[in-house]
Amino acid sequence: MSNTFNHLIPESPAHFINGQWVTASDSSDVLNPTTGKVITRVAMGDKETVAQAIEVAAKAQISWAKRPQPERAAFLESWIEKIKDNHEALAQLLVTEQGKPLSEARGEVDMGITMLRYAANFAWKNQGEVLAANAPGQHSVTREVPLGVVGAITPWNFPLALFLRKTAPAIVAGNTIVLKPSEETPLCSLALATLSQQAGLPNGVVNVVCGSGRVVGDALVKHPDTALITMTGSTGAGKTIMKNAAEKVIPVSLELGGKAPFIVLADADIEKAARDALDARMSNCGQVCICNERTYVQREVYAEFIEALRKAAQDVVVGDPMADGTTVGPKVSVPEKEHVEELMAETLKQGAKVLWQAELPKDRALSGGNWVAPAIVTDLPADARILREEVFGPILPVVAFDTLDEVIEKANDCEYGLSSYLYTRDLSNALKISDALEYGEVYINRHGPEEINGFHAGWKLSGLGGDDGEHGYQIYVKRKTVYINYQ
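S.K.: Hey, could you run me through empty space enclosed by the protein in this one?
M.R.: A water-sized probe, rolled over the atoms, reveals where empty space remains. Evaluated as defined, the whole model comprises three cavities of 30 Å³ or more. Quantified by volume, the largest cavity comes out at close to 110 Å³. Lining the largest cavity we find 15 residues, and of these Tyr-118, Arg-165, Pro-169, Asp-468 and Gly-469 sit closest to its centre. When contributions to the lining of the largest cavity are tallied by element, the ones reaching two or more residues are α4 (102–120), α5 (159–172) and α14 (469–474).

S.K.: What is the right way to look at helix α7 (residues 213–222) in this model?
M.R.: It helps to recall that an α-helix has 3.6 residues per turn; residues three or four apart then point in one direction. All of the buried residues along α7 are Val-216, Gly-217, Ala-219, Leu-220 and Val-221. For α7, the secondary structure elements touched by its buried residues are α1 (47–66), β7 (149–153), β8 (176–180), β10 (226–232) and α8 (235–248).

S.K.: What is the right way to look at the sheet that holds strand β16 (residues 395–401) in this model?
M.R.: The pairing of strands in a sheet happens through backbone hydrogen bonds and is either parallel or antiparallel. With respect to topology, seven strands assemble into an open sheet ordered β14-β15-β16-β13-β12-β18-β19, the strand pairing being mixed. Two strands in the sheet have a free side with no partner beyond their single neighbour: β14 (353–357) and β19 (441–444). Mean inter-strand twist for the sheet, computed between neighbouring axes without regard to direction, equals 20 degrees. Relative to β16, strand β15 (residues 375–378) runs parallel, the two sharing three bridges. The partner of Ile-376 across the bridge, within β16, is Leu-396. Where helix α9 (residues 270–282) meets the sheet, its contacts fall on β12 (260–264), β13 (292–298), β14, β15, β16 and β18 (419–423), and the angle it forms with β12 comes to roughly 170 degrees. Against the sheet, helix α12 (residues 404–412) touches β12, β13 and β16, its axis set at about 170 degrees to β13.

S.K.: Is there a simple way to think about the layout of surface pockets in this case?
M.R.: A volume near 860 Å³ is recorded for the largest pocket. Met-231, Thr-232, Gly-233, Ser-234 and Ala-237 are, among the 34 residues lining the largest pocket, the residues nearest its centre. Elements represented by at least two residues in the lining of the largest pocket include exactly α7, β10, α8 and α11 (334–349). Of the residues contributing to the lining of the largest pocket, the split by class is twelve nonpolar, 14 polar and eight charged. Taken as a whole, the second largest pocket holds about 450 Å³ of empty space. As for the second largest pocket, its lining consists of 26 residues, and the residues nearest its centre are Met-111, Phe-158, Ser-283, Val-288 and Pro-449. Top element by residues in the lining of the second largest pocket is α4. It accounts for six residues. Looking at the lining of the second largest pocket residue by residue, the classes come out as eleven nonpolar, eight polar and seven charged.

Conventions used here
Residues numbered from 1 in each chain as written. Predicted model: local features only at pLDDT ≥ 70, side-chain atom pairs only at ≥ 80, totals over all residues. Heavy atoms only, no water. 1 Å grid on protein atoms, 1.4 Å probe; cavity = no way out; pocket = protein on both sides within 12 Å on 5 of 7 lines; lining within 4 Å. Points joined across faces, edges and corners; volume = space filled by probe spheres on them. Helix = DSSP H or I, 4+ residues; strand = E, 2+ residues; numbered from the N terminus. Buried < 20%, exposed > 50% of the residue type's maximum accessible area, 1.4 Å probe, protein only. Contact = heavy atoms within 4.5 Å. Pairing = 2+ DSSP bridges. Axes fitted to C-alpha atoms, helices over the stretch in contact; angles between N-to-C directions. Nonpolar A, V, L, I, M, F, W, Y, C, P; charged D, E, K, R; others polar.

Don't take any of this as a statement about function, it's just geometry.
Next comes the structure, spelled out in structure tokens:
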């Protein structure tokens, strides 16, 4: 294996614990989704590996928490510089293990840098409040203090950004972290761990244990010294984590599935709405929790929107994600590919029509990749499974509606509640509909990604807790009230 990122990952399968590479007796292949070929092998941990990492993290956390918060934030600034120095190598590693186009991968590295920079700005934040005293000579304060060891579980769709999204606020608040990356995309996490060491972060503050969710993830949740679990992933996995965390009565922060509605009213900028609807569906091959999962268009502009959508689709290029001009790469894995193909086949069987479908790459070198043809489908039955179940792939269903009450009902008739979109020039309708949408995020006349100073949180089966902003930071601290009598 000869790549620009070799210096960032271990030469042989290993976990990153206490600032060192810890070899493993068991390992697994990491596959390139573009070609289906093996990139390298990665360590597979067990319950004992997790216990070792948490023991190290617990010891390191005592001294780490004693450092002033500005000092902890300074390490994040050093980490930023190391990431900048390796920007292209990280982007190429991300493409290689995850499959998104290189332009998107570069954007994800930039996103990760922004997350670190934002967390570093908490260096001088208020860390509590002074309470009104009940009597003379008394003083009362409520302080923010770190939780201890944070257990983090990250998914495969944004493996680099989500590593930093969870790690940066956790450690600047005074915690240490043990992170389990997805088995599909563990290499970016190992690379960032390498760079954290080069940035001078003390040993034990950041630890990475690779392995399966059923083994490593389960052990991380159940370990008695884990003080918080923050996880981004499937709703099924989130429910299991909540059950196990309840036995210990520890907090959890879960960002789970999504089924975002994309609503276009008759007075919207139709060309912009069509472009954004397509971009919000095809980004990262549709593998984004806030992706446009179902598009609702007011009937009087439906035909106009369909033509604008068909025109915008001509710019979609499926191919080698390392190549210039590629806008859609492969699905991350064979099971993910098969899930989308199954939903598409069932949708067509139910009578839906294909408005447009992209061509797959013909390069024989890419024949082993996890390719799915992006498509736009119309004329769907009201009970179509594709309108209710998370697709997480580049299939865009479009449905006409008549009244505002009708589309609000359709949008909310869903077990998920993460993100939603609304396109209109009418401020009154924009506010009325955004008030009625049962989602943690509403984007009006724009699509994602979310902003780092916002609060990325879902309702219903999309999770609880959340990331980003002041509210995201608060997940990583607990409060202690001190009552003082100084008479």
